[in-house]
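Okay, here's what each chain looks like letter by letter:
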Amino acid sequence: MQPFDSSFNRLLIVSYRLPFTVQQTDDGTELRQNSGGLVSAVLSMAEQMGQRQGDSTAKIHWVGFGDASLQSADPATLENDAFVAHPVFIEEAVHNGFYYGFSNDLIWPLFHYFPSYASFKETDFQSYQQANTRFLETLTALIQPGDLVWIHDFQLMLLPDMVRQAIPSATIGYFFHIPFPTYEIVKLLPRTWRQALLKGILGADVVGFHTTDYVQHFLQSVSDVLELPIIGPRIVLPDRSVMVGDFPISVDFFKFNTSAQEADVVNTRQQYQQLLRQNKIIFSVDRLDYTKGIIYRLQGFEWFMAHHPDWQGRVTLVMTVVPSRDKIGQYQELKREIEETVGRINGRFGTIGWRPIIYSYSSLSFTELLALYTACDVALITPIRDGMNLVCKEFVASRHDHKGVLILSEFAGAAQELTDALIINPTDTQEVADAIQQGLEMPESEQQQRMIAMREHLQNNTVFRWSHNFLTAFADVSRYKPELETD
Ligand code: GDG
């Protein structure tokens with residue numbers, strides 16, 4: 001990768017979550033850094049920008065919500081070798097309306113094509129505005145000339161324009177991690193809300209989505225709602241332009257590839273295989289969420305069991321559901337439905353010596369996750385909608401043995417890239433069942449051929465390339481003169 005032409009002094013990341021959580025221990029405050037994709041990408045960007053860990057002037061400043069654990073912490077302690085955290089404190093009632101209300105009860109279901117789950121409340125929109133303003137206050141106290149501000153995700157759609165109004169010369173990037181839906185869905189938002197949200201995003205210089213479809217949907221919404229001219233990937237405003245592009249996020253390929261070969265992962269994998277008595281393993285893991293298609297997945301597995309009795313006793317579905325948002329009624333109901341369905345399938349097909357589904361409602365350690373990625377014969381990933389889906393990319397990156405089959409929903413952003421997976425429609429029970437059969441019976445030579453192609457793609461398109469490409473887009477923006485193209 002060519003180093004990007006960086007004239008930025010500092011990187012200011014803004015996202016709902018901070019890069020670490022704070023734990024109070026007997027010795028004082030301990031920071032636990034998250035290992036998610038965004039944190040890895042940002043660390044690598046810091047290196048690319050010539051910054052060095054341990055150099056206090058080169059740390060990355062990260063603005064995010066200050067949860068209860070941060071409220072009692074001494075602000076001077078909120079930094080580690082890589083990051084300085086700037087918590088945004090928001091009073092509980094406003095946070096509830098902003099986060100649980102507008103973000104998770106309206107934008108999340110609506111933008112994942114679940115309009116009937118969406119709750120439209122004026123008070124939630126007001127909380128969303130107030131919370132975005134709180135982020136602005138923390139940010140404006142921080143920004144210096146030459147900084148690059150990179151804002152993330154659907155909780156902060158109003159923030160780019162708020163920053164633009166406060167500091168017109170700021171350099172601002174915005175990345176959207178969930179699907180951007182078709183205009184027909186955006187139109188369900190009240191007119192003033194959809195105008196405000198789109199105008200909010202257009203405060204950025206560069207706006208990124210995972211796929212070209214999301215880019216097209218966004219551009220069409222901007223054209224219809226705000227009636228702004230669009231030239232190629234650029235939205236033309238009176239005084240500047242906004243560059244919109246697809247930047248598919250990815251994983252740290254080398255980390256997964258290498259860690260999957262480490263002794264503790266290999267040992268854990270062997271233990272699992274022994275426990276399952278060398279049965280074939282189908283694996284799935286996702287947060288508890290109605291977007292992840294967990295019920296359809298179970299129905300596909302049930303259909304497969306019913307129509308392929310020769311596989312009974314020879315295959316196990318290991319399904320981990322990671323607790324998430326389980327204080328919300330809809331999620332509690334989904335959990336109940338999943339557990340009822342698992343119980344029914346196990347009751348229908350199980351025997352004294354064999355359980356078709358091993359289900360757990362818990363999270364896995366990194367070692368356990370890698371052990372299951374590498375132990376399984378089939379990874380069954382069936383979201384009804386997913387902006388990208390990193391689990392499928394992590395599975396492929398872990399398969400240094402070139403074995404295993406990926407079954408992937410056509411509605412995950414990743415399906416645009418991982419075309420050598422068995423691509424299915426998750427609501428088509430029979431298609432899912434057929435893919436399970438095809439995956440379990442696929443000759444090793446075909447597994448290898450498909451896996452190698454997908455691994456090559458991921459090796460060339462890591463999370464580091466994602467952030468690199470996003471930052472490189474700023475060079476085009478600064479050179480672009482709208483009047484040259486509109487003439
Ligand atoms: C949003 C968008 C988009 C999961 N279970 C365990 C565990 N995980 C880790 C995985 C993966 C991450 O969580 C999940 O990432 P996804 O991308 O699949 O899904 P979301 O959390 O919904 O993320 C999504 C993403 O943003 C990035 O833009 O791809 O579409 O919805 O990294 O490994 N990790 C461990 N134990 C678990 O049990 N250790």
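Computed from a prediction, not measured in an experiment: that's the story for all the values here.

A. Structural view of the overall build of the chain. Within the chain one finds 18 helices and 17 strands. Its C-alpha radius of gyration of 23 Å places the chain within 12% of the 23 Å reference for a compact globule of 487 residues. Within the chain, the proportion of its 487 residues that are buried is 44%. Sequence separation of at least 24 residues holds for 75% of the intrachain contacts in the chain that already meet a minimum separation of 6.

B. Spotlight on the site of the ligand. Not every one of the 19 residues close to the ligand is listed here, only the nearest: His177, Leu364, Gly387, Met388 and Leu390. Contributing elements (two or more residues each) for the shell around the ligand: strand S12 (280-287), strand S13 (315-322), helix H13 (366-375) and helix H14 (391-398).

C. Representation of the pairing of strand S4 (residues 60-65) within the structure. S4 sits mainly inside the fold: 6 of its 6 residues count as buried. Summarising the sheet, S4 and strand S5 (residues 83-88) pair through 6 bridges and their orientation is parallel. Directly across from valine 63, in S5, lies its bridge partner histidine 86.

D. Representation of helix H4 (residues 122-140) within the structure. In this model H4 runs 27 Å from its N-terminal to its C-terminal C-alpha over 19 residues, within 8% of the 27 Å that 1.5 Å per residue would give. Among all positions in H4, only Asp124, Phe125, Ser127, Tyr128, Ala131, Asn132, Phe135, Leu136 and Leu139 are buried.

E. Broad picture of the packing of helix H3 (residues 92-111) against H4. Between H3 and H4, the least distance of the axes is 7 Å, while the angle of their chain directions is 115°. When the axes of H3 and H4 are compared, the pair comes out roughly perpendicular. Between H3 and H4 lies a crossing whose hand is left-handed. Of the residues in H4, those in contact with Val94, His95, Gly97, Phe98, Gly101, Phe102 and Leu106 of H3 are Thr123, Asp124, Phe125, Ser127, Tyr128, Gln130 and Ala131.

F. How the structure looks around the sheet that holds S12. Strands sit in the order S14-S13-S12-S15-S16-S17 across an open sheet of 6 strands; the sheet is parallel. Only two strands of the sheet have a single neighbouring strand rather than two, namely strand S14 (357-361) and strand S17 (422-424). Averaged over neighbouring strand pairs, the angle between their axes works out to 15° when direction is ignored. Relative to strand S15 (residues 378-381), S12 runs parallel, the two sharing 2 bridges. Of the residues in S15, the one forming a bridge with phenylalanine 283 is alanine 379.

G. How the structure looks around the sheet that holds strand S1 (residues 11-14). In spatial order, the strands read S5-S4-S1-S6-S7-S8-S11-S10-S9; together these 9 strands make up an open sheet with mixed pairing. A single partner strand is all that each edge strand has here, and the edge strands are S5 and strand S9 (230-231). In this structure, S1 lies alongside strand S6 (residues 148-152), joined through 4 bridges in parallel fashion. Bridge pairing in S6 places valine 14 opposite isoleucine 151. Those strands touched by H4 are S1, S4, S5 and S6, and its axis lies near 140° from that of S5. Against the sheet, helix H8 (residues 212-226) contacts strand S8 (206-209), S9, strand S10 (234-236) and strand S11 (241-246), and its axis sits at roughly 150° relative to S11.

H. Quick peek at the environment of threonine 211. Turning to its location among the elements, threonine 211 is positioned in the loop between S8 and H8. Considered as a pair, threonine 211 and alanine 371 are 160 residues apart in the sequence and their alpha carbons are 30 Å apart. Beyond its immediate chain neighbours, meaning those up to four positions away, threonine 211 contacts Asp246, Pro248, Gly413 and Gln416.

I. How the structure looks around helix H12 (residues 329-349). Helix length check: H12 (21 residues) gives 31 Å between terminal C-alpha atoms against 30 Å at 1.5 Å per residue, within 8%. Leu334, Val342 and Ile345 are the residues of H12 that are buried. Looking straight down H12, one finds its buried side chains confined to an arc of 70°; they lie on one side. With respect to the buried face of H12, the exposed residues turned more than 90 degrees away are Gly329, Glu333, Arg336, Glu340, Arg344 and Gly347. In this fold, the buried residues of H12 make contact with helix H11 (294-307) and S14.

J. Structural view of the confidence of the model for the chain. Summing up the model confidence of the chain, the mean pLDDT is 92 and the portion of residues at 70 or higher is 93%. Here the prediction assigns the complex a pTM of 0.94, and the interface score ipTM is 0.98.

K. Local environment of the packing of helix H5 (residues 159-166) against helix H7 (residues 191-201). Here H5 crosses H7 at 60°, and the two axes come no closer than 5 Å. Comparing the axis directions of H5 and H7 gives the class oblique. In this structure, H5 meets H7 at a crossing whose hand is left-handed. Across from Leu159, Pro160 and Asp161 in H5, the residues of H7 making contact are Lys199, Gly200 and Ile201. Residue composition of the contact of H5 with H7, by class: 3 nonpolar, 1 polar and 2 charged.

L. Seen up close, the pairing of S8. Alternating positions in S8 separate into two faces, Val206 and Gly208 on one and Val207 and Phe209 on the other, with burial throughout. Bridge count for strand S7 (residues 171-175) against S8 is 3 bridges, and the pairing is parallel. Within S8, the residue paired with tyrosine 174 across the bridge is valine 207.

Parameters at a glance
- Residues numbered from 1 in each chain as written.
- Predicted model: local features only at pLDDT ≥ 70, side-chain atom pairs only at ≥ 80, totals over all residues.
- Helix = DSSP H or I, 4+ residues; strand = E, 2+ residues; numbered from the N terminus.
- Rg over C-alpha atoms; globule rule 2.2 N^0.38 Å.
- Buried ≥ 20, exposed ≤ 12 C-beta atoms within 10 Å, placed from the backbone.
- Contact = placed C-beta atoms within 7 Å.
- Near = placed C-beta within 6 Å.
- Pairing = 2+ DSSP bridges.
- Expected span 1.5 Å × (residues − 1).
- Axes fitted to C-alpha atoms, helices over the stretch in contact; angles between N-to-C directions.
- Parallel < 35°, antiparallel > 145°, perpendicular 65-115°, else oblique.
- Left-handed = near helix turned anticlockwise from the far one by under 90°.
- Arc of directions from axis to C-beta.
- pLDDT = per-residue confidence, 0-100.
- Nonpolar A, V, L, I, M, F, W, Y, C, P; charged D, E, K, R; others polar.

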